[in-house]
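Residue-level listing of the chains:
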Amino acid sequence: MNKTDELWYRGCSCESFKLLPGLFRHPKISIIDDIVNLEQKIYDEFQFKSPSYDSSYRFEKWDNLFLMQHYRAPTRLLDWSSSPLIGLFFALSSFNPKKHKRPSIFVLDPEEWNCGILSDIGETPKVYSTNTDIVDQYHPKHDGKSRRSEPLAIEGIINNPRINAQKGKFVVFGYQNQPMEHWAQKRNLWRSTTPITRILIKKSECAKIWKDLSHYGITYSSIFPDLDGLTTELKVKNGFMNV
């Protein structure tokens, strides 16, 4: 991995988990055309019904997609963070030593990733915003002829406090349901080393790291700055939940 201005982090509670967004994790549907058709249905229904639940309804299409991701609807977005501590929090918060092998944290160089992914069109290394033509090809409602297949690192729209608190970054997936590990193995894409790596965390160190995170102010109420986050933190602190 090359030196870069910013690295992104994603924590996973089990080393067997793949870098794949919720849309492509359907338990029964795996054919890409069927997934895309289902995505259209979910997006349209969310867009139609969400204004009655949220008075701050957004009309911009990317706003809607990030709002769906925020409320845990299945989308083609995969969450990352620019903070390694927040990556560690997510690796450990859902870790269960009786069910999972070892938690881990992925580290991504987003600029180098995009440089390799877009090597066919010779783009310079950078992270793209949602108002660019390249990123627009990834939106479910894109009606142009060209559509990219590879996962692309993008800047998210900060339209809710959680994304801001979690220093949220995103990888948007295209029209293939392959995890990022699949693309990382394509050595011909990268200028030197693969811009993504995985760090495994020893089970014996999990409790200490979790305690250290709390001392650094990385807790449920700081990661989820709302009443849900506060009540979860109170449950953990007072023994109603184990982590």
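See above for the structure.
Residues numbered from 1 in each chain as written. Predicted model: local features only at pLDDT ≥ 70, side-chain atom pairs only at ≥ 80, totals over all residues. Heavy atoms only, no water.

J.: Help me out: how do you make sense of the overall build of the protein in this one?
T.: A tally of regular secondary structure across the protein gives 10 helices and six strands. For a compact globule of 243 residues, the expected C-alpha radius of gyration is about 18 Å, and the protein comes in at 18 Å, within 12% of that figure. Taken along its principal axes, the extent of the C-alpha atoms in the protein is 55 × 50 × 35 Å. The buried share of the protein, reckoned over its 243 residues, is 47%. Across the protein, the fraction of contacts at a sequence separation of at least 24, relative to all contacts at a separation of at least 6, is 74%. If you sum the accessible surface of the protein, you get close to 13,200 Å²; carbon and sulfur atoms cover 52% of it. Charge separation in the protein, taken as the distance between the mean sites of 33 positive and 28 negative side-chain charges, equals 8 Å. (Helix = DSSP H or I, 4+ residues; strand = E, 2+ residues; numbered from the N terminus. Rg over C-alpha atoms; globule rule 2.2 N^0.38 Å. Buried < 20%, exposed > 50% of the residue type's maximum accessible area, 1.4 Å probe, protein only. Contact = heavy atoms within 4.5 Å. Areas by Shrake-Rupley, 256 points an atom, 1.4 Å probe, with all protein chains shown as cover. Lys, Arg positive; Asp, Glu negative; His and termini not counted. Charge placed at Lys NZ, Arg CZ, Asp CG, Glu CD.)

J.: What is the right way to look at the pairing of strand β3 (residues 104–108) in this model?
T.: Each regular strand carries side chains that alternate between the two faces of the sheet. In terms of residue burial, β3 counts as a mostly covered element, since five of its five residues are buried. Here five bridges tie strand β1 (residues 8–12) to β3, and the two strands are oriented antiparallel to one another. Looking at β3, one finds that cysteine 12 is bridged to serine 104. Pairing analysis gives five bridges linking β3 to strand β6 (residues 196–200), with the strands arranged antiparallel. Paired with leucine 108 across the bridge in β6 is isoleucine 196. (Pairing = 2+ DSSP bridges.)

J.: Just to check I follow, could you spell out the environment of lysine 169 for this structure?
T.: If you trace the backbone, lysine 169 turns up in strand β5 (residues 168–172). Relative accessible area serves as the criterion here: at 12%, lysine 169 is assigned to the buried category. A sequence separation of 59 residues divides lysine 169 from proline 110, and the C-alpha atoms of the two residues are 9.6 Å apart. Setting aside residues no more than four positions away along its own chain, lysine 169 makes contact with Glu6, Trp8, Leu78, Asp79, Trp80, Ser81, Ser82, Ile154 and Glu155. A polar side-chain atom of lysine 169 sits 3.0 Å from a polar atom in the side chain of glutamate 155. (Polar contact = N/O pair within 3.5 Å; in protein donor to acceptor, adjacent residues only side chain to side chain.)

Keep in mind that these numbers describe shape and distance, not what the molecule does.
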